[in-house]
Amino acid sequence: MNVETLSRIQFALTISFHFVFPPMTIGLGLVLVVLQTLRVRTGNPLYLDLARFWTRVFGLIFAIGVATGIPMEFQFGTNWASYARFVGDIFGSPLAIEGLYAFFMESGFLALLLFGWDRIGPRMHLFSTCMVALGAHFSAIWILVANSWMQTPAGYHLARMMKVTADGGQFPVATDLGAVPFELREIRLPPDYVVQPEDLGHVRAVVDNFREAILNPSTLDRLAHTVIGCWITGAFVVVAISAWWCLRGRHPEHARISLKIGVVLATVACVLQWIAADSTARGVARNQPTKLAAMEGLATTGPDASLGLVGWVSWRRDASGEITGIEERSLRIPGMLSVLVSGDFLHPLRARDTVVTGLQDLPSDALLRARHPGASDAEIARLRPRYWPNAPVLFQTYHLMIALGSVLTGQALLACLWWRTGRLWAVERPEVRWFLISLLAAPLMAQLALQAGWFTAEMGRQPWVVYEVLKTGDAVSPVVRAPQVLTSILLFLAIYAVLSILFVTLLLKKIREGPVPSGGGPPTGPLPLSHRSGRQTGI
Amino acid sequence: MDLNTIWFVLVGVLLTGYAVLDGFDLGTGPLLWCVPDDRDRRILLNAIGPIWNGNEVWLVTGGGALFAAFPNVYASVFSGFYDAFMLLLFALIFRAAAIEFRSQRPGRRWRRFWDAAFAVSSVTSALLIGVAVGNLVWGISLDATGNFDGGLIALLHPYALLVGLTTVALMVMHGNLYLILKTEGELQERLREWAQRTVPAYLACFLVLNVTTVLTCLHLREVLVQRMPYLSLLMAASILITLGIPRALRRGREGSAFLASCLSIVSLMLLFGATMYPNLVISRPDAANSLNIHNGAATAKSLNFMFYVALVGVPIVLAYTASIYYVFRGKVVLTEESY
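This is a predicted model, so every value here is computed, not measured.

Student: Can you walk me through empty space enclosed by the protein in this structure?
Tutor: Which parts of space are left empty comes out when a probe the size of a water molecule is rolled across the atoms. Applying the stated criterion to the full structure yields eight cavities of 30 Å³ or more. Taken together, 13 residues line the second largest cavity, and the ones lying closest to its centre are Gly108(A), Gly54(B), Thr321(B), Ile324(B) and Tyr325(B). In terms of residue count, the dominant contributor to the lining of the second largest cavity is helix H4 (residues 81-115) of chain A (four residues).

Student: I keep staring at the interface of chain A and chain B and nothing clicks. Help me out?
Tutor: Accessible area lost during the coming together of the parts is what is often quoted as the interface size. Contacts between the two partners involve 85 residues from chain A and, on the opposite side, 76 residues from chain B. Summed over both partners, the interface of chain A with chain B comes to about 7,200 Å²; 68% of that surface belongs to carbon and sulfur atoms. Among the residues of chain A in contact with chain B, Phe74(A), Arg85(A) and Phe104(A) are the three that bury the most area, contributing 11% of the side total. Between chain A and chain B we count one salt bridge in total. A salt bridge links Arg481(A) to Asp149(B); its shortest N-O distance comes to 2.7 Å.

Student: Got a minute to help me understand the environment of Asn72(B) in this structure?
Tutor: For Asn72(B), the position within the fold is in helix H4 (residues 71-80). A residue is classified by how much of its surface remains accessible, and Asn72(B), at 18% relative accessible area, is buried. Placed 63 residues apart in sequence, Asn72(B) and Val9(B) show a C-alpha to C-alpha distance of 17 Å. Setting aside chain neighbours within four positions, we find Asn72(B) in contact with Arg85(A), Leu291(B), Asn295(B) and Gly296(B).

Student: Explain helix H2 (residues 38-48) of chain B to me, please; I cannot follow it from the model alone.
Tutor: Count 3.6 residues to each turn of an α-helix, and residues three or four apart come out pointing the same way. Residues and elements named next belong to chain B. Of all 11 residues in H2, 10 are buried; the element is thus mostly enclosed. Every buried residue of H2 is accounted for by Asp38, Asp40, Arg41, Arg42, Ile43, Leu44, Leu45, Asn46, Ala47 and Ile48. Buried positions along H2 lie against helix H1 (3-34), helix H3 (52-69), helix H5 (82-102), helix H6 (108-138), helix H8 (158-182) and helix H9 (185-216).

Student: How should the side chain of Asn55(B) be read in this particular structure?
Tutor: Relative to the elements of secondary structure, Asn55(B) occurs in helix H3. With residues near it in sequence (within four places) discarded, Asn55(B) still touches Tyr18(B), Leu21(B), Asp22(B), Phe24(B), Asp25(B) and Tyr325(B).

Basis of the calculations
- All residue numbers refer to position in the chain's written sequence, counted from 1.
- For this description, chains carry letters from A and ligands carry numbers from 1, given in the order in which they are written.
- For this predicted model, a pLDDT threshold of at least 70 governs which residues receive local features, and a threshold of 80 or more governs which side-chain atom pairs are given and counted, while totals over whole chains, interfaces and linings are taken from all residues.
- As a rule here, side-chain values come from all non-hydrogen atoms in the structure, and water together with hydrogens is ignored.
- A pocket, in this scheme, is an open set of points on a 1 Å grid over the protein atoms alone with protein on both sides within 12 Å along at least 5 of 7 lines, while a cavity is a set where a 1.4 Å probe fits but cannot get out; residues line either one if an atom lies within 4 Å of a point.
- Grid points are joined across faces, edges and corners, and a volume is the space filled by probe spheres set on the points.
- Secondary structure elements follow DSSP: runs of H or I no shorter than four residues count as helices, runs of E no shorter than two count as strands, and numbering proceeds from the N terminus.
- Any two residues having at least one pair of non-hydrogen atoms within 4.5 Å are treated as being in contact.
- Summed over both partners, buried area is the accessible surface (1.4 Å probe) that two parts give up on being assembled.
- By salt bridge we mean one thing: a side-chain nitrogen of Lys or Arg within 4 Å of a carboxyl oxygen of Asp or Glu.
- When a residue's accessible area, from a 1.4 Å probe over protein chains only, is under 20% of the maximum for its type it is buried; when over 50% it is exposed; and in between it is partly exposed.

Spelled out as C-alpha cells, the structure:
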C-alpha cells in the first residue's frame, strides 16, 4: 500500500478511536450539569450520589479521550505535511483556538470537578461542572469549524509564491535569476483556479476573511447535527446503565432519577436531530452534490429522484477494471429525495420536480477540464469516476446511520410514553424487561450511528481533502515512507487494543459498583491508608 | 516588534509554559519509581493528580499555535521527525493510561506494571522532547521546499542526545523540587536528600551542554559572538538561580526553591530562543534553507487575527490555571477521589 492509503488508514483509525470518547463526555457533561443543579437546588443526597458516580465515569472517559486526542493535533504535521503547508494559514487557527479556549477550560475545571468535592462548595462545584460541559462543547465547535472548512472551504483565496524583480517581472520560485535581485511575494490566483499536482509547495490557501471561513456554508448544520448526536450518545449511556440497574433491581431510587434524566435528554435530542439532519442533508445537496449522489446511489440527473431505504450499491466496471458507473438495487421511495432536497414539504407534488444531479454529471465538466487541461470529452468522461467518493460504502454508512437513528428515536419515544403511563417502572412485566434489555444496546447503536455518520461525511469528501480544492493524494508528507506509517499504525493498533480492553473492564467495574449512598453505607471519608485497595471500597 | 516576532515569542511562551508545568510531572515519573512504598507512591502521584492533564494541554495548544502561526515549520518538523514524534505520542498516551489505570486495581503486580510504564514513558517523553530541541539547534538537512528526509537514527546524534539528557535532568530536578513542596515528613526528608544529587546533576549537564554548544555548533558562532552580552548574562543568571536552589532548601524555603527551578527553565528557554532567533529550524549544510519567522509563517492577516485571539485567551487561561493551582495548594492529602 502507498503512503496515502496508509496515512488515511492511520488517520481514520486514530480519529474513530478518539471519537468514541468525546461524544460521551459532551452528553454526560450535560447530565452532570442537570444533576449538580438539582443537588444545589434541592439538597437531596440522591443527586449528590449520582453526581459523584457519573463524575467518576466521566473522568475515566475523559482521560482516555485526552490520551487518544493528543495524536490528532500532530498528525496533520507528521502524516499530512503538504496539507499543513497548503492550509496552515487558515486551518491551524481553529486548532489553536480549540486548545486555548476549550482544552484549558475543560481540563482545568475537570480538576475541580473530579478532585474538588472537599475543597470547594457545591455552588462552585456546579460552576466547574458547567465550565467543563461548556469546554467540551467549545472543543466540538472548533473541531467542526476546522472540519467544515475542509468540506466547504470559504473565506480564502489561492496564492502562488513567486519571485518578483524590481521591474515587476514575476518568475516561478524554481527559476534561477542569477544576480538579479528579487523578493518573494504571494500572487493571488483566479477564483476558479484548480490546483495541479506540480503546484504543491508554492501554492497555498490564504485567508481573506476569518468570519466567512469560520461560518462557512456547512459549519452550523454540521455543528448542530454532530453535537446533537453527542447528546444522544451521552443520554443513552445514562439510560442504558440505569436500565441495567432497574433490571437487576439495584439502587432503585438512583436508577429512576438517572433513567428519567437520560430519557428526557435522549427524547429532546432525538427529535431535534431529525430537524438538524434534514437541514444538514439539504446543505450537502447544495454544497457537495457529489457526496449526496454517492450517499443515495443516484446515477442519473433528473426530477422525481427517489430516496433509498435499504439495499445495495455496487461499481460497474469495464473490461480493464476501470469504474464506469454504479449499479443500485434498493428499496426506494419515489420522488422523496427531490422533496427532501427542495425542503418544500407543503407542496410535495411541485417539489417532486426538483432536479437532483446524479453521479454521471458530477463533478462538473468545468472542474474536470480545469484539473485536466486539454483533455477530450471522451477522456473527461473516463476520468470522472476517479473523482467519485466510494458510493457502495457511503450508501451503507449513510443508511445505517439513518436506520440506527430511527431505532433510537423509537426507543426514546416509547420510554417517554411508558414513563407517563407508569408502565416503565413495572419491571416484572416481560415487555418492559425486553424493552429495558433493548435499551442496553442503545449506547452502542448511538456510537455506531455517530461513526457511520462521520465516515459518510469524511469519505464523501474524497478524493479531496479540501473539497474540490486539494486532492488527498497531494496532501501527504513527501518525506514519510510506507514502512514508517505501517509501523506506527501497528503500534497504534496495539496500544488502542490495550486501552479499549482496560477501558471496558474498568467502566463495567464502575457500573457494577454503582452510586454509593452518602448517608450510612460504606465510608465516604478518607480511606484507611492501610487498605491497598485505593478505590475498591467506598466508591 | 513585528507580528512574526511576536508570534515567535508567543509560541515560545506556550512551550515554556509546557516545560515549566509538565516538566515537574514528567520528572515525577522516575522519582515515583525510586520510592518503593505504595502509599508514598500514591502521594507522589496525587501531587500531580489534579493538574497533569491541564499541563499537557500546554503542549497541545503550543502545537496548535505553531500550526497556525508557522505552518511550514510545523509541517517540516513533524514530518521530518516522524518516528521520534510517533514514539513521543505513544509515550504520552501510555503515560496518561498509566496514571489513570494504576489506581483502579489494588493488585501489587498491576500497580508495579503501571508504575514502571509511567516512569519509562515519562523519561522517554522528556528525552525525545530534548532530542527534538537539540536537532533544531544542531541543524537538519532541509531541502529547498523545507522538507527533511532523515530518519530516527539521523536524529539521535551525540549533541541531540546531550540536549535530551539535559532535559531529563532538568525535569527530574524540577519534579523533585515540586514534590518537596507537596509532601511532608519522612517522604519529604528523602526527597530533600535526593535534591542534593538532582540539582548538581542538572547543573553539570547544563554546563557541559553550553560548553559543547559553543565549541561544536560552528554555524552558531556568528550569532553567539554578536549576542554575547545578552547570552552570557542569561547564562550567568541561569547558573546563579540554579545555585540558589540548595541554599533555599537548606533554609527550608521550599517555595523559593521550586520557583528558582521554574526560573531556570525559563532562562534555559530564553537562551534557546535568543540563540535561534529569527530561525525556527536551522538547516545544515545549506543554511539558506533554514526556516525562520518569515519564510515559515502564515500571512500577516492570519497572524494578526490570531494575535487578538491570544490577547483575549491567554490572560483568561492564566487566571483560571492560577486559581486551580490555588485550590489545590498545600500538602497532598489522600482522599477517596485520589488516584
